[in-house]
Every structure is written in structure tokens, then in C-alpha cells.
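Residues per chain, in single letters:
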Amino acid sequence: MWNFIVQTFTWWNGQTMGTRFATWRFGKRVGEDEFGNVYYEGGMSSYGLPKRWVIYKGYAEASAIPPGWHGWMHHRTDVPPTKDNYVTKEWQKQHRANQTGTPQAYRPPGSLAVAGERPRVTGDYDAWTPGN
């Protein structure tokens with residue numbers, strides 16, 4: 001019952017009822033990644049390429065798609081990583097959850113969230129003060 005309620009009223013937890021129906025009706029399962037996300041293909045888009053989508057396991061986080069699947073999703077390759085024996089390149093980083101809003105988020109020098117002063121740059125504004 002809980003899954004029915006979640007799929008009816010939220011889009012960020014797995015799939016909605018509409019996505020479930022469209023996937024059942026038009027989708028062909030292509031593969032699954034190491035995180036449990038399932039990838040589908042089916043139908044043609046208006047620009048002549050097959051539609052591709054992912055059903056996330058748990059929270060819908062686009063950065064959770066591994067590099068091999070990312071290339072397939074964006075039509076950089078026609079062969080999914082499951083059929084290609086895809087090996088991650090040494091320059092490709094492992095997935096890390098989006099850190100925005102957490103203490104591990106990137107905060108550059110001079111950010112309001114970091115102590116210290118922002119380094120001065122050439123385009124900085126010099127405020128006018130009376131007597132200058």
C-alpha cells in the first residue's frame with residue numbers, strides 16, 4: 001500500500017504510476033547498473049533517436065548514473081555498457097552523491113560559508129567615499 005501512495009504522489013522516489021505504465025507498455029529493459037538503477041529504451045523521439053530512460057533505485061538523483069550508462073543515455077554510444085564489457089577509464093571518477101547543502105559541499109575561498117576574506121581580483125569595485 002505504501003508503494004502505491006509513494007508512486008501516486010511523488011516523482012523523486014523511484015517511478016510514478018504513469019512512468020510505470022509507460023515503461024510496461026513501451027519500454028524494453030536494457031540493463032542495470034551497480035547501484036540498482038534500471039535502464040530502458042523504447043519508441044522514437046521527435047529527432048529520430050530511440051527514447052532512453054532510467055528508473056532510479058530509491059531517490060531520483062541524476063548524478064547517480066555511472067559514466068558508461070551516462071554515455072549510453074545521451075546517445076554517445078548505441079551499445080549499452082552491459083553488452084560492451086565497459087571498463088571505466090582511469091580519469092573517470094567514482095560516483096559521489098551530490099554534496100550541495102551538506103557540510104562536505106564545495107565552498108571556495110571568500111565564500112560566506114567559509115571564514116576568511118575573498119582574494120581581490122582585477123574587476124573588483126572600489127566604492128566611492130566622500131572626500132576622495
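Reading the values: rules and limits
Within each chain, residues carry numbers counting from 1 in the order of the written sequence. Predicted model: local features are reported for residues with pLDDT of at least 70 only, side-chain atom pairs are reported and counted for 80 or more only, and whole-chain, interface and lining totals are derived from all residues. Only heavy atoms go into the side-chain values, all of them from the structure, while hydrogens and water stay out. Stacked, edge-to-face and tilted labels apply to pairs of Phe, Tyr and Trp rings (six-membered ring for Trp) whose centres lie within 6.5 Å, assigned for plane angles under 30 degrees, over 60, and everything in between, in that order. We count a stretch as a helix when DSSP gives it H or I for four or more residues in a row; a strand needs E for two or more, and each element gets its number in order from the N terminus. Residue exposure (1.4 Å probe, protein chains only): buried if accessible area is under 20% of the type maximum, exposed if over 50%, otherwise partly exposed. A contact between two residues is defined here by any heavy atoms of the two lying within 4.5 Å. Remark: nonpolar core denotes a set of buried residues (Ala, Val, Leu, Ile, Met, Phe, Trp, Tyr, Cys) joined through side-chain atoms within 4.5 Å.

- An unreviewed UniProt entry lists the protein chain under the name NADH:ubiquinone oxidoreductase subunit, with Rhizobium miluonense as the source organism.

**As for the packing of aromatic side chains**
Next up, step 1: Using the criterion set out here, one finds 5 aromatic pairs in the structure.
Next up, step 2: Look at Phe-21 and Trp-24: their rings are 5.7 Å apart centre to centre, the planes differ by 40°, and that puts the pair in the tilted class. Here Trp-24 and Phe-21 lie together in helix 2 (residues 17-26), a separation of 3 residues that amounts to about one turn.
Next up, step 3: With a relative accessible area of 49%, Phe-21 lands in the partly exposed category.
Next up, step 4: Overall, the relative accessible area of 64% leaves Trp-24 in the exposed class.
Next up, step 5: Taking the centre distance of 4.0 Å and the plane angle of 0° together, the rings of Tyr-39 and Trp-69 count as stacked. Remark: Trp-69 occurs in helix 3 (residues 67-73) and Tyr-39 occurs in strand 2 (residues 38-44); sequence separation between them is 30 residues.
Next up, step 6: Note on Tyr-39: relative accessible area 0%, which makes it buried.

**Points about the side chain of Gln-92**
Next up, step 1: Mapped onto the elements of the fold, Gln-92 is located in the segment after helix 4 (81-84).
Next up, step 2: Residues within four places of Gln-92 in sequence aside, it is in contact with Pro-67 and Tyr-86.

**Concerning the nonpolar core**
Most often, soluble globular proteins have nonpolar side chains that are buried together.
Next up, step 1: Listed in full, the 8 residues of the largest apolar core are Val-30, Tyr-39, Val-54, Tyr-56, Ile-65, Trp-69, Trp-72 and Met-73.
Next up, step 2: Looking at this core element by element, the count peaks at 3 residues for helix 3.
Next up, step 3: The residues contacting Trp-69, other than those within four sequence positions of it, are Val-30, Gly-31, Glu-32, Asp-33, Tyr-39, Pro-80, Pro-81 and Thr-82.

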